[in-house]
Amino acid sequence: MSKKAIVVGGGYFGCSIAYYLAKNKIKTILVEQNEVGSGSSGGNFGCVQVQDSEPGLSLELTLEGYQRVQQLEKEFNLDLEYREMGSLLIAENEKDMSFLIEQAKIKQSWGLKIDLLDRNELKRVEPNLSTDSIRGASYCKQGHLNGFKLMNAFIGQGKRYGLEVWERTKVKKVIAAGNTCKGVELASGEKLYGDYVILATGAWTKELCKSLGLNVPIEYVKAEAFVTEQIQPFLINYFSLASFFTEAHGQDETTTSFCCVQTKSGNLLLGETSKPGLVSTEESGTRNSREHCLGIYQEVRKFFPSLLNLNILRSWTTYSPYTVSHIPVFGEVEVQNLILAAGFKSAVVLTPIVGEIVTDIVRGERLKYDLSQFTQQSRLA
Amino acid sequence: MCRIINHPIVEREERKNVTIYVDGKKLEAKEGEMIAAALLANNIHTFRYTKKQREPRGIFCGIGQCNDCVMIVDGVPNTRTCVTPVRDGMVITTQKGLGKIGDHNAL
Amino acid sequence: MLVMNSKEYICRCEEVTKEEVLQAIREGKQTLKSIKRATRAGMGACQGRTCSKLITTLLLREGVPEEEALELDKARFPLVPIPVSSLEIGGEGDV
């Protein structure tokens, strides 16, 4: 009899895990509280990020994932709007610049091709950028795709292998007997049982694990974003600030951080993350704030003044999960038959490799990676 | 010309002429009227070409909702011509696919 | 010259055809939001002002339950296109 798995969460990881499980003959049900791609994955910019990965296992998996993501269009025979795109991490002061120099050195030793750029070189790489306030940048070639197409591809292909997708289905709690996970209880009261439960539930993971007595160190920041009308290619690279790493996720000193990218359709996506203190998952917390309107305006004025007349079409907010240690919560934990996959720093690039690893765990295969560093921070109380 | 001069209800109103430049061509428009009205009066019906199929588009809803009539106006792409009044010396360009910021094509 | 095209456009901004919307419905999409994510219908300059009613009609015709078919996409700031420069609104609270 084939094994049965329940995947909770229809974001990047839930979709990819469900696909790889179904493809490997695991009877899989994906349960999503709203619709596929309606949470933080839907609010994501679609960047296939390489250079922001934490050195160590995270970076090793990122590099594996990067190879695989580039093959997905061929594997699915679908257009995911994948294209090569550089990533610019911008330093506005000496502190950020020395951070970039130090990071580049470490990551170059991992085989990553990272270039440090001064203002003149930056102007060549990103001609429409106003470099007045910039000290320098680090540059790395990576990719970009349409995140909705990626999730839809995983789901569509998974269904061919018998994947069941239950949208608008909220999981109330994880069912466990002793220290063994048995399944999930839905908000409707219905119970689903399986050999494995996989929580790919992002910012909600901490809450779902509480009833198991499992302490999961996932926090979240509120991210706010705007999409503009479509224009001809204007921004060449993915643009983000080094301060995101030097400050925004620090434990005490916190700040906001701006990023932007132009999609294949020509829209510019402008985003900023909140200070963690301002976060709430209440309904009111899904509105955009005046603070970020002003913040994004000021950043655009500083870096891309010629965009000030461009029209904004829509805004959104999302809860972006993170861990203080920058290390994801990924793998088997102290509760048997429960796999956690959340709190990753960059999602898109890791989707295929995370899906493959979860499949190996469920199938009882020997793992190529030692995930203990990703799981040891999630302990039973 | 397809401009209504005599209307059974609306009173006739004299308007000053202004000059607009459409794809480099000098044309006459009436002060205060919308760009789209001026173009139709000058027998121009194609305002843009779509980005995917490169098909011609002009007026569709006419009330600023649908964005079908957008053109590059004074260097601003995606300008809804049905709700943007003409200005003397205005530079208007047929938008082919996606517009470009600062795309001026005066004369 | 009149250009003949047998395609029926549902979303004029993103040039999404009726066939593409029907395909998404056949693949299990049951709401405006999920059809938007799958096809881009409603993501364009008019933000679904023109196509949302047409898509709702197609959803109902294809037998999608009213609860899903009639669910509106969330209205979000700024409701009408505004330039980035007009984001210069200080103060506290939400928009």
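Note that residues are indexed from 1 along each chain, following the sequence as it is written. Just so you know, chain letters begin at A and ligand numbers begin at 1, following the order they were written in. Given that this is a predicted model, residues contribute local features only at a pLDDT of at least 70 and side-chain atom pairs are listed and counted only at 80 or more, while totals for whole chains, interfaces and linings are drawn from all residues.

### As for the overall build of chain C
Here's step 1: Along the backbone of chain C there are four helices and three strands.
Here's step 2: This radius of gyration counts C-alpha atoms alone. The globule rule is 2.2 Å times how many residues there are, raised to the power 0.38. For 95 residues, the compact-globule formula gives about 12 Å, and the C-alpha radius of gyration of chain C, at 16 Å, lies well above that figure.
Here's step 3: Referenced to the eigenvectors of the C-alpha coordinate spread, the extents of chain C come out at roughly 50 × 45 × 15 Å.
Here's step 4: Counting other C-beta atoms within 10 Å of a residue's C-beta gives its exposure: the residue is buried at 20 or more, exposed at 12 or fewer, and partly exposed in between, where C-beta atoms are placed from the backbone. Looking at chain C as a whole, 40% of its 95 residues are labelled buried. Think of it this way: any DSSP run of H or I at least four residues long counts as a helix, any run of E at least two long counts as a strand, and we number them from the N terminus.

### Observations concerning helix α2 (residues 57-69) of chain A
All names here are of chain A.
Here's step 1: Spanning 13 residues, α2 covers 18 Å between terminal C-alpha atoms, matching the ideal 18 Å at 1.5 Å per step.
Here's step 2: Those residues of α2 that sit buried are Ser58, Leu61, Thr62, Gly65, Tyr66 and Val69. In a view along the axis of α2, the buried residues occupy a sector of 145 degrees, so they form one face of it. Multiplying 1.5 Å by the residue count of a helix minus one yields the expected span of that helix. Relevant arc is that of directions from the helix axis to the C-beta atoms, nothing else.

### Regarding the sheet that holds strand β3 (residues 48-49) of chain B
All names here are of chain B.
Here's step 1: When DSSP locates at least two bridges between a pair of strands, those strands are taken to pair. Spatially, β4-β3-β8 is the arrangement adopted by the three strands of the open sheet, whose pairing is mixed. Edge positions in the sheet fall to β4 (56-57) and β8 (95-96), since each of these pairs with one other strand and no more.
Here's step 2: Examined bridge by bridge, β3 and β8 share two bridges and lie parallel to one another. Bridge pairing in β8 links Tyr49 to Lys96.

### Focus: the sheet that holds strand β2 (residues 27-31) of chain A
All names here are of chain A.
Here's step 1: Ordered in space as β7-β2-β1-β11-β19-β18, the six strands form an open sheet in which the pairing is mixed. Each end of this open sheet is capped by a strand with a single partner; those strands are β7 (164-166) and β18 (329-332). With direction set aside, neighbouring strand axes in the sheet form an average angle of 20 degrees.
Here's step 2: Bridging between β2 and β7 involves three bridges; their strand directions are parallel. Bridge pairing links Ile29 to Glu164 in β7. With axes taken as lines fitted to C-alpha atoms, and helix axes fitted only over the stretch in contact, angles between N-to-C directions fall between 0 and 180 degrees.

### Some points on unusual backbone geometry
Here's step 1: A cis amide bond links Phe77 of chain C with the next residue in sequence, Pro78 of chain C, at an omega value of 5 degrees.
Here's step 2: Turning to its location among the elements, Pro78 of chain C is positioned in the loop between α4 (66-69) and β3 (82-83).
Here's step 3: Even without being glycine, Asn337 of chain A reaches a positive phi, approximately 65 degrees.
Here's step 4: Residue classification places Asn337 of chain A among the partly exposed residues on the basis of 19 C-beta atoms within 10 Å.

### Details of the interface of chain A and chain B
Here's step 1: By the convention adopted here, residues make contact when the C-beta atoms placed from their backbones lie within 7 Å. Contact residues are listed per partner, giving nine residues for chain A and eight residues for chain B.
Here's step 2: In the side of chain A that touches chain B, the residues fall into two nonpolar, six polar and one charged. Classification used: nonpolar for Ala, Val, Leu, Ile, Met, Phe, Trp, Tyr, Cys and Pro, charged for Asp, Glu, Lys and Arg, polar for all others including Gly.

### Observations concerning the pairing of strand β1 (residues 17-22) of chain B
All names here are of chain B.
Here's step 1: Direction of pairing for β1 relative to strand β2 (residues 25-30): antiparallel, over a ladder of six bridges. Note that in β2 the partner of Tyr21 across the bridge is Lys26.
Here's step 2: Connecting β1 to the antiparallel partner β2 that follows it, the hairpin turn spans two residues, and Asp23 within it adopts a positive phi of roughly 50 degrees.
Here's step 3: Sheet topology places β1 next to strand β7 (residues 90-93); three bridges connect them, and they run parallel. In the strand pairing of β7, Val22 is matched with Ile92.

### Some remarks on the interface of chain A and chain C
Here's step 1: In this assembly, 27 residues from chain A lie in contact with 25 residues from chain C.
Here's step 2: Looking at the side of chain A that touches chain C, the elements with two or more residues in it are α6 (147-160), β13 (219-230), α9 (290-303) and β17 (311-322) of chain A.
Here's step 3: Partitioning the side of chain A that touches chain C into residue classes produces twelve nonpolar, ten polar and five charged.
Here's step 4: Relative to β3 of chain C, β17 of chain A runs antiparallel, the two being bridged by two bridges. Considered in β3 of chain C, the bridge of Asn311 of chain A is made with Pro83 of chain C.

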